[in-house]
Amino acid sequence: MKRFLSTKEVARFLGVNEKMVYTLVAEKGLPATKVTGKWIFPRHLVEQWVEAHTVNYPESTDHLPPYHGLLIIAGSNDPLLDRTITLFNALYTNHVAVFGNLGSMGGLKALRRNLCHMAASHLIQDDEVEYNFDFAVKELGAMPAIVNFCKREQGILVSKKNPKKISGIANLNQPGLQIVNRPLGTGTRLLLDRELRKAGIKGEKIDGYHREVHRHLDVGLEILTGRADAGPGIRAVAAVLDIGFVPLRWERYDLMISKERFFDEGVQLFLGLLRGEDFKALAQDNAGYDLALSGKMIYPGRNKQSVS
């Protein structure tokens with residue numbers, strides 16, 4: 001059973017005073033909820049929050065073994081990526097590609113620890129134009145090779161015909177609305193929290209804000225089955241499940257690769273797929289994807305984010 005901390009206990013855990021705990025809840029997204037007027041803090045979410053805000057990790061002394069046919073991708077979940085991994089395994093039978101669904105920050109941490117060859121990420125930067133660069137440098141200490149996988153449309157998944165009349169982030173604060181969320185460390189959660197702050201809304205006051213699922217598809221299924229009214233997600237899932245979608249922005253979804261492993265055979269075969277017709281065919285029946293940059297190297301300061 002998951003343990004909950006009181007304000008005094010979480011202050012002791014973080015090494016701060018109780019007043020600072022309230023500031024961290026309000027300004028830094030420290031996971032918390034109110035029960036009978038008192039704040040309680042799920043310990044496992046507090047630990048995730050600390051992990052997500054940690055910088056300056058010591059360099060790992062472990063190394064991936066030499067490439068012998070196993071390609072490991074970790075990070076942000078995406079249905080088109082899942083289908084591309086299946087295509088890779090069908091085309092290159094002497095190789096096996098596997099995916100670890102860890103969220104964008106989790107993928108970066110796995111890359112830092114040499115647990116994967118590529119990290120999939122869509123972490124929006126403070127300028128709201130670029131993605132991933134600042135996070136990669138902070139986490140890895142150096143810029144990895146970055147190749148675009150796709151651009152995709154992020155927004156709010158809602159019930160079919162949008163009965164709650166949700167037109168934007170501000171409507172998530174309406175009474176009686178139940179949402180479902182993505183975990184801390186995911187690019188989707190980062191975008192949602194940023195948009196809530198811009199709208200002057202405290203996420204913890206929204207019913208369901210702390211109820212987290214680990215895939216875009218899971219958000220859609222919660223809405224499809226009526227267990228939630230809305231949740232952050234991508235248009236592609238709304239199209240597959242035939243539910244509603246309220247757009248927020250197009251985002252860049254990239255693959256980050258350590259320069260030491262960039263020329264591994266499996267990495268190059270996978271990147272080569274992104275420039276081929278088989279990959280493009282996978283996205284033809286999926287709304288919400290733009291493949292104009294797919295397979296291209298991405299560099300800081302040279303990328304314009306535009307709505308397709």
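Remember, it's a predicted structure, so these values are computed and weren't measured experimentally. (Residues numbered from 1 in each chain as written. Predicted model: local features only at pLDDT ≥ 70, side-chain atom pairs only at ≥ 80, totals over all residues. Heavy atoms only, no water.)

Novice: Can you help me understand the overall build of the protein chain in this one?
Specialist: On a plain count of helices and strands, the protein chain comes out with eleven helices and ten strands. Here the C-alpha radius of gyration of the protein chain, 20 Å, is about what a compact globule of 308 residues would show, namely 19 Å. By its C-alpha atoms, the protein chain is 60 × 50 × 40 Å across when sized along the principal axes. Expressed as a percentage of its 308 residues, the buried residues of the protein chain come to 51%. Looking at the protein chain alone, contacts between residues at least 24 apart form 75% of all its contacts between residues at least 6 apart. Approximately 14,800 Å² of the protein chain is accessible, and the part contributed by carbon and sulfur atoms is 53%. Measuring between centres, the 40 positive side-chain charges of the protein chain sit 5 Å from its 34 negative side-chain charges. (Helix = DSSP H or I, 4+ residues; strand = E, 2+ residues; numbered from the N terminus. Rg over C-alpha atoms; globule rule 2.2 N^0.38 Å. Buried < 20%, exposed > 50% of the residue type's maximum accessible area, 1.4 Å probe, protein only. Contact = heavy atoms within 4.5 Å. Areas by Shrake-Rupley, 256 points an atom, 1.4 Å probe, with all protein chains shown as cover. Lys, Arg positive; Asp, Glu negative; His and termini not counted. Charge placed at Lys NZ, Arg CZ, Asp CG, Glu CD.)

Novice: Sorry if this is basic, but what is going on with the pairing of strand β9 (residues 244-257) here?
Specialist: Across the 14 residues of β9, twelve count as buried, placing the element largely inside the fold. Bridge count for strand β6 (residues 118-121) against β9 is four bridges, and the pairing is antiparallel. Within β9, the residue paired with M118 across the bridge is I257. Strand direction decides the pairing type here: strand β7 (residues 145-158) and β9, joined by 13 bridges, are antiparallel. Of the residues in β9, the one forming a bridge with C150 is Y253. (Pairing = 2+ DSSP bridges.)

Novice: Please clarify how the packing of helix α5 (residues 103-112) against helix α6 (residues 133-140) should be interpreted in this entry.
Specialist: When two helices pack together, their arrangement is given by the angle between the helix axes and the distance between those axes. Axis separation between α5 and α6 bottoms out at 10 Å; the angle between their running directions is 40°. By the criterion of interaxial angle, the relationship of α5 to α6 is oblique. In the packing of α5 onto α6, the handedness of the crossing is right-handed. Facing α5, whose interface residues are M105, L108, K109, L111 and R112, α6 presents F135, A136, E139 and L140. Of the residues that constitute the contact of α5 with α6, the class distribution is six nonpolar, no polar and three charged. (Axes fitted to C-alpha atoms, helices over the stretch in contact; angles between N-to-C directions. Parallel < 35°, antiparallel > 145°, perpendicular 65-115°, else oblique. Left-handed = near helix turned anticlockwise from the far one by under 90°. Nonpolar A, V, L, I, M, F, W, Y, C, P; charged D, E, K, R; others polar.)

Novice: Where do I start with empty space enclosed by the protein in this structure?
Specialist: The rolling of a water-molecule-sized probe over the atoms marks out the regions of remaining empty space. Inspection of every chain in the model, using the stated rule, returns one cavity of 30 Å³ or more. For the largest cavity, the full set of lining residues is Q154, G155, T188, L191, L192, P232 and L248. Elements with a minimum of two residues in the lining of the largest cavity: β7 and α7 (187-198). Among the elements that line the lining of the largest cavity, the one with the most residues is α7, at three residues. Taken together, the residues that form the lining of the largest cavity break down as four nonpolar, three polar and no charged. (1 Å grid on protein atoms, 1.4 Å probe; cavity = no way out; pocket = protein on both sides within 12 Å on 5 of 7 lines; lining within 4 Å. Points joined across faces, edges and corners; volume = space filled by probe spheres on them.)

Novice: Would you take a moment to explain α5 for this structure?
Specialist: In an α-helix there are 3.6 residues to a turn, and that puts residues three or four apart on one side. The element α5 is extensively covered by neighbouring structure, given that ten of its ten residues are classed as buried. Listed as buried for α5 are G103, S104, M105, G106, G107, L108, K109, A110, L111 and R112.

Novice: What am I meant to see in the side chain of E153 here?
Specialist: By the secondary structure assignment, E153 is in strand β7. Look at E153 and you get buried, because its relative accessible area is 10%. Of the polar contacts made by the side chain of E153, one reaches the side chain of R235; its length is 2.5 Å. When near neighbours in sequence (up to four residues on either side) are disregarded, E153 contacts G233, I234, R235, F245, P247, R249, W250 and G288. (Polar contact = N/O pair within 3.5 Å; in protein donor to acceptor, adjacent residues only side chain to side chain.)

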